[in-house]
Amino acid sequence: MNWDDTAPPTDGPADAAAERLVGAAADGEDQAVEAALRPKSLEEFIGQERVREQLDLVLKAALARGATADHVLLSGAPGLGKTTLSMIIAAEMNAPLRITSGPAIQHAGDLAAILSSLQEGEVLFLDEIHRMSRPAEEMLYMAMEDFRVDVIVGKGPGATAIPLELPPFTLVGATTRAGLLPPPLRDRFGFTAHMDFYDPAELERVIHRSAQLLAVEIEAAGAAEIAGRSRGTPRIANRLLRRVRDYAQVKVDGRITPEVAAAALRVYEVDARGLDRLDRAVLGALLKLFGGGPVGLSTLAVAVGEERETVEEVAEPFLVREGLLARTPRGRVATPAAWAHLGLVPPQHVTGASGQGGLFGA
């Protein structure tokens, strides 16, 4: 439904995230299915009500003026709909769309080649814009503001800058780490939007729409069961829907009931709060081996047999967001909610929602 189809082509934690059923990164299968499920207009786009309303005003005003839309910056976690919105922006403006990514632009010449081939009014979607090289980034400043770039010909004292005029275009930048963007680049975007995680009711609407497109029969309670385990992310909701669909077709009559959804997700080791094997392994080690902490990240990673970066970048963000784990100066600490979720009895020193009592022996 509403999600992005591009993921950083890197090794390590990104690969680990892509391998998880509840990972927000998209693999080849996700990208193929998402193309068929994407909404084609702002009216079809579910969730992000504030962003949709603001973006609708920006696009309609530009159309009324007969001008290209302001440059747009979309920030937020993977899987929330940044790529989808870029496609909708192009569709609403009746303009072609060019898609590239920050890691693919390592030299200013790479960016100059893309910009010089743009048509008037075209929408350029630049995913993971914060990962673009610095020389290309500096070239982008002038392109966004003046629709012009200076192409350097030659080297050393004999180098010459040749100005190249560009047709008006709209840049849509997407980033999962807006804080890494330099202020001069952020300031050149006319519209900036932060995309939030979805609530369960919105995800249920996403699941019902996707089920209809996939010709899957699903009960309202079945959709609610899947939505509650989807980590607030449409991409994960649709991935879980496909896996539950497979289970329902093989084990029962194909209809997704809450019982069928729960049974299917038990097979795939996704629990009622959306935690998978890695999440529970991290929590289990923290609670059973280290008494709830505090414990250092490296020690915790060794205990679960994973790389430090995998634990920190793949498992921890969701555990922290769910209030199951806290990062403190002395190390990782489990909260009382973590003990309750795994059905364990916390030591008496674990008090308070943040687990800070364990740090000071209170």
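Quick caveat: nothing in here was measured; it's all calculated off a predicted structure.

Trainee: Mind laying out the sheet that holds strand β3 (residues 123–127), listing which residues take part and the relevant values?
Mentor: Strand order in the open sheet made by the 5 strands is β2-β3-β6-β1-β7, with parallel pairing throughout. Each having just a single partner strand, β2 (97–101) and β7 (191–194) make up the two edges of the open sheet. The sheet shows a mean angle of 15° between the axes of neighbouring strands, direction not considered. Pairing geometry for strand β1 (residues 72–75) and strand β6 (residues 170–175), over 4 bridges, is parallel. Across the sheet, V72 pairs through a bridge with V172, a residue of β6.

Trainee: Please give an account of the nonpolar core that cites residues and values.
Mentor: The biggest cluster of nonpolar side chains holds 49 residues, and the ones touching the most others in it are L55, L85, I207, I218, I226 and I256. The element best represented in this core is helix α10 (residues 234–251), accounting for 7 residues.

Trainee: So what about the side chain of N238? Which residues, and what values?
Mentor: With respect to the secondary-structure elements, N238 resides in helix α10. Residue classification places N238 among the buried positions, given a relative accessible area of 3%. Within polar-contact distance, the side chain of N238 engages the side chain of S210 at 2.4 Å.

Trainee: Let's hear about unusual backbone geometry: which residues, and what values?
Mentor: Of note, Q48 is a non-glycine position whose phi angle comes to about 50°, a positive value. Relative to the helices and strands, Q48 resides in the loop between α2 (28–37) and α3 (49–65). Judged by relative accessible area, which is 9%, Q48 ranks as buried. In this model, A215 sits at a positive phi of 60°, which is unusual for a non-glycine residue. Mapped onto the elements of the fold, A215 is located in the loop between α8 (200–213) and α9 (220–227).

Trainee: So what's going on with the confidence of the model for the chain? Residues and values would help.
Mentor: If pLDDT is low for a region, its predicted coordinates should not be looked at in detail. Per-residue confidence for the chain gives a mean pLDDT of 83, with 84% of residues at or over 70. A low-confidence stretch, residues 1–11 stays under pLDDT 50, and its non-local contacts, those more than four residues away or across chains, total 62 contacts. Segment residues 352–362: pLDDT under 50, and 20 contacts once partners within four positions in sequence are set aside and those in other chains are kept.

Trainee: Go over the packing of aromatic side chains with me, naming the residues and quoting the values.
Mentor: Given two aromatic rings, their pairing is described by the distance between the two centres and the angle made by the two planes. Using the criterion set out here, one finds 1 aromatic pair in the structure. Considering the side-chain rings of F147 and F169, the 5.5 Å spacing of their centres and the 80° angle between planes classify their relative orientation as edge-to-face. Of this pair, F147 sits in the loop between α6 (134–146) and β4 (148–153) while F169 sits in the loop between β5 (160–165) and β6, and the two are 22 residues apart along the sequence. For F169, a relative accessible area of 0% corresponds to the buried category. The positively charged end of R231 is found above the aromatic ring belonging to F318, 3.9 Å away from the centroid. The ring of F197 has R321 sitting right over it, with the charged end atom 3.6 Å from the ring centre.

Trainee: Before we move on, can you summarise the packing of α10 against helix α11 (residues 258–267) with the specific residues and values?
Mentor: Where α10 contacts α11, the axes come no closer than 9 Å and their chain directions differ by 105°. Considering the angle they form, α10 stands roughly perpendicular to α11. Two secondary-structure elements touch here, α10 through L240, V244, Y247 and A248 and α11 through V260, A261, A263, A264, L265 and V267. Classifying every residue of the contact of α10 with α11 gives 10 nonpolar, no polar and no charged.

Trainee: Lay out helix α5 (residues 108–116) with the relevant residues and their values.
Mentor: Residues of α5 that are buried: L111, A112, I114 and L115. Projected down its long axis, α5 shows its buried positions confined to an angular sector of 165°, all on one face.

What counts as what
- Throughout, a residue's number is its position along its own chain's written sequence, starting from 1.
- Thresholds applied to this predicted model are a pLDDT of at least 70 for local features of residues and 80 or more for the giving and counting of side-chain atom pairs; totals over whole chains, interfaces and linings are not thresholded and use all residues.
- Only hydrogens and water are set aside; all other atoms, that is, all heavy atoms of the structure, feed into the side-chain values.
- Strands qualify as paired when DSSP identifies two bridges or more between them.
- Only runs of H or I of at least four residues qualify as helices and only runs of E of at least two qualify as strands under DSSP, and these elements are numbered from the N terminus.
- The angle between two axes is taken between their N-to-C directions and runs from 0 to 180 degrees, where each axis is a line fitted to C-alpha atoms and a helix contributes only its stretch in contact.
- Residues belong to a common nonpolar core when they are buried Ala, Val, Leu, Ile, Met, Phe, Trp, Tyr or Cys residues joined through side-chain atoms within 4.5 Å.
- Any residue under 20% of the maximum accessible area for its type is buried, any over 50% is exposed, and the rest in between are partly exposed; the area is computed with a 1.4 Å probe on protein chains only.
- Contacts described as polar in this section are N or O atom pairs within 3.5 Å, which, within protein, must combine one atom able to donate a hydrogen with one able to accept it, while residues neighboring in sequence count only if both atoms come from side chains.
- You can read pLDDT as the predictor saying how much it trusts each residue, on a scale of 0 to 100.
- Contacts are assigned to residue pairs with any non-hydrogen atoms lying within 4.5 Å of each other.
- Pairing of aromatic side chains here covers Phe, Tyr and the six-membered ring of Trp, requires ring centres within 6.5 Å, and sorts the geometry by plane angle: under 30 degrees stacked, over 60 edge-to-face, intermediate tilted.
- Look at NZ for Lys and CZ for Arg. If either is within 6 Å of the ring centre and within 35 degrees of the ring normal, a charge sits over the ring.
- Any angle from 65 to 115 degrees is called roughly perpendicular, while one under 35 is roughly parallel, one over 145 is roughly antiparallel, and all others are oblique.
- Think of it as three bins: nonpolar holds Ala, Val, Leu, Ile, Met, Phe, Trp, Tyr, Cys and Pro, charged holds Asp, Glu, Lys and Arg, and polar takes everything else, Gly as well.
- Taken from the helix axis, the directions to the C-beta atoms give the arc we talk about.

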